[in-house]
Amino acid sequence: MKVIGYYESLPIVDDKALVELEMDKPQPTGRDLLVRVKAVSVNPVDFKIRGRKQSENDVPVVLGWDAVGEVVETGSDVTLFQPGDEVWYAGAINRQGTNSEYHLVDERIVGSKPKSVTDAEAAALPLTTLTAHEMLFDRLRVNDPVPGAAPAVLIIGGAGGVGSIAIQLLRALTDLTVIATASRPETMDWVKELGAHHVIDHSKPLAAQIEALDIGQPGFVFSTNYSGSYAAQVGELIAPQGRFGLIDDPESFDIMPFKGKAVSIHWEMMFTRSLFETDDMQRQGDILNEVAALLDDGKIRSTATETLGIINAENLKRAHAILESGKARGKLVLEGF
């Protein structure tokens, strides 16, 4: 089968940063599904891992953690799916990725593909949706009010892949006021289009802009990027006993700005459940099915903003370069081999 991978961690401009290779088609066992991949999307985790993970024992590293495809074979313990089912999922970080004609995935982290969108549109969503949903409802528990706080969520970095779906989930599943940050006219327009009640500029001091909204201090803050540089500002603007969540990897992170207000800090990693095979691993499949219903009911939309062509090395390198520039809006997707 065809895969796109690499042996050596290299800058994306290097010809060997991502290459097209042939590997044996894997066989499913246990609770694994063998999926024929139809579409994928690219996430920041792809280039982050490419920057630090090397090949071991001459086995290429295959990236990719979003996929839409068709189940073609199942392991002996599979009960939730059968060959012919259309599925979507975000995979597991400790297994080979989805930039591959065929891919193995545990059925517990798989959902049934939404019927109302194309394969490419669906492929934009699993990883960012699981990240946003788990942060909002499992970590920050936004449906559990913070006493005395404004019933509001501030999303730092609202125009990226995670922010784009977090805004929509909040509008579809809660009555909270959604404040999103963006700094360019096109990204400000994007987050408004997705449903943000208010948009503020993250290149300017945040606390003064929150105060100017005259809604009070938000009980929840969800930071999707540059969290270390925003810690002091969040400590100033968040309500006492508020909840702060982050998903990025700051080189340093000072938690002292949160002590005075007894703010709790929550880190979300979407791969935790599959990596440790937690008892609630099935929740990811349940979330994907819930979100598929929201899509099919027209309550949310895909965050795909550009289809870069078929799944090959050249197009994946383009996607990595765009994401590494830090200027992506929404999600980049690829479809077919």
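Residues numbered from 1 in each chain as written. Predicted model: local features only at pLDDT ≥ 70, side-chain atom pairs only at ≥ 80, totals over all residues. Heavy atoms only, no water.

Q: I'm lost on the nonpolar core in this one. Help?
A: Here is a general trend for soluble globular proteins: nonpolar side chains tend to be buried in one another's company. Trp88, Val142 and Phe222 are the most contacted members of the largest nonpolar core, which has 83 residues in total. Judged by nonpolar contacts, the second largest core, of 19 residues, contains Ile200, Ala231, Leu237 and Phe244. (Core = buried A, V, L, I, M, F, W, Y, C linked by side-chain atoms within 4.5 Å. Buried < 20%, exposed > 50% of the residue type's maximum accessible area, 1.4 Å probe, protein only.)

Q: I tried to follow helix H10 (residues 313-324) on my own but got confused; where do I start?
A: Along an α-helix, a turn takes 3.6 residues, which lines up residues three or four apart on a common side. Taking 1.5 Å of rise per residue, 12 residues should cover 16 Å, and H10 covers 16 Å from first to last C-alpha, within 8% of that figure. Residues of H10 that are buried: Ala313, Asn315, Leu316, Lys317, Ala319, His320 and Leu323. Along its buried surface, H10 packs onto strand E1 (2-6), strand E2 (19-22), strand E3 (32-42), helix H1 (44-50) and strand E16 (331-335). Of the residues flanking the start of H10, the one acting as N-cap is Asn312, its side-chain oxygen 3.3 Å from the backbone nitrogen of Glu314. (Helix = DSSP H or I, 4+ residues; strand = E, 2+ residues; numbered from the N terminus. Expected span 1.5 Å × (residues − 1). Contact = heavy atoms within 4.5 Å. Polar contact = N/O pair within 3.5 Å; in protein donor to acceptor, adjacent residues only side chain to side chain.)

Q: Got a minute to help me understand the packing of helix H3 (residues 126-139) against helix H9 (residues 283-296) in this structure?
A: Pairs of packed helices are described in terms of their axes, by the angle between the two and the distance that separates them. At their nearest, the axes of H3 and H9 sit 10 Å apart, and the two run at 105° to each other. In terms of orientation, H3 and H9 fall into the roughly perpendicular class. Residues Pro126, Thr129, Leu130, His133, Glu134, Phe137 and Asp138 of H3 form the contact with H9, whose own contacting residues are Arg283, Gln284, Ile287, Leu288, Glu290 and Val291. Residues of the contact of H3 with H9, tallied by class, amount to 6 nonpolar, 3 polar and 4 charged. (Axes fitted to C-alpha atoms, helices over the stretch in contact; angles between N-to-C directions. Parallel < 35°, antiparallel > 145°, perpendicular 65-115°, else oblique. Nonpolar A, V, L, I, M, F, W, Y, C, P; charged D, E, K, R; others polar.)

Q: Please explain the sheet that holds strand E12 (residues 218-223) as it appears in this structure.
A: Either a parallel or an antiparallel arrangement is found when strands of a sheet pair, and the pairing is made through backbone hydrogen bonds. Taken in spatial order, the 6 strands of this open sheet run E11-E10-E9-E12-E13-E14, and their pairing is parallel. Edge positions in the open sheet fall to strand E11 (198-200) and strand E14 (264-267), since each of these has one partner strand only. With direction set aside, neighbouring strand axes in the sheet form an average angle of 20°. In this fold helix H6 (residues 206-213) packs onto strand E9 (150-156), strand E10 (177-181), E11 and E12, with an angle of close to 155° to the strand it touches most, E11. (Pairing = 2+ DSSP bridges.)

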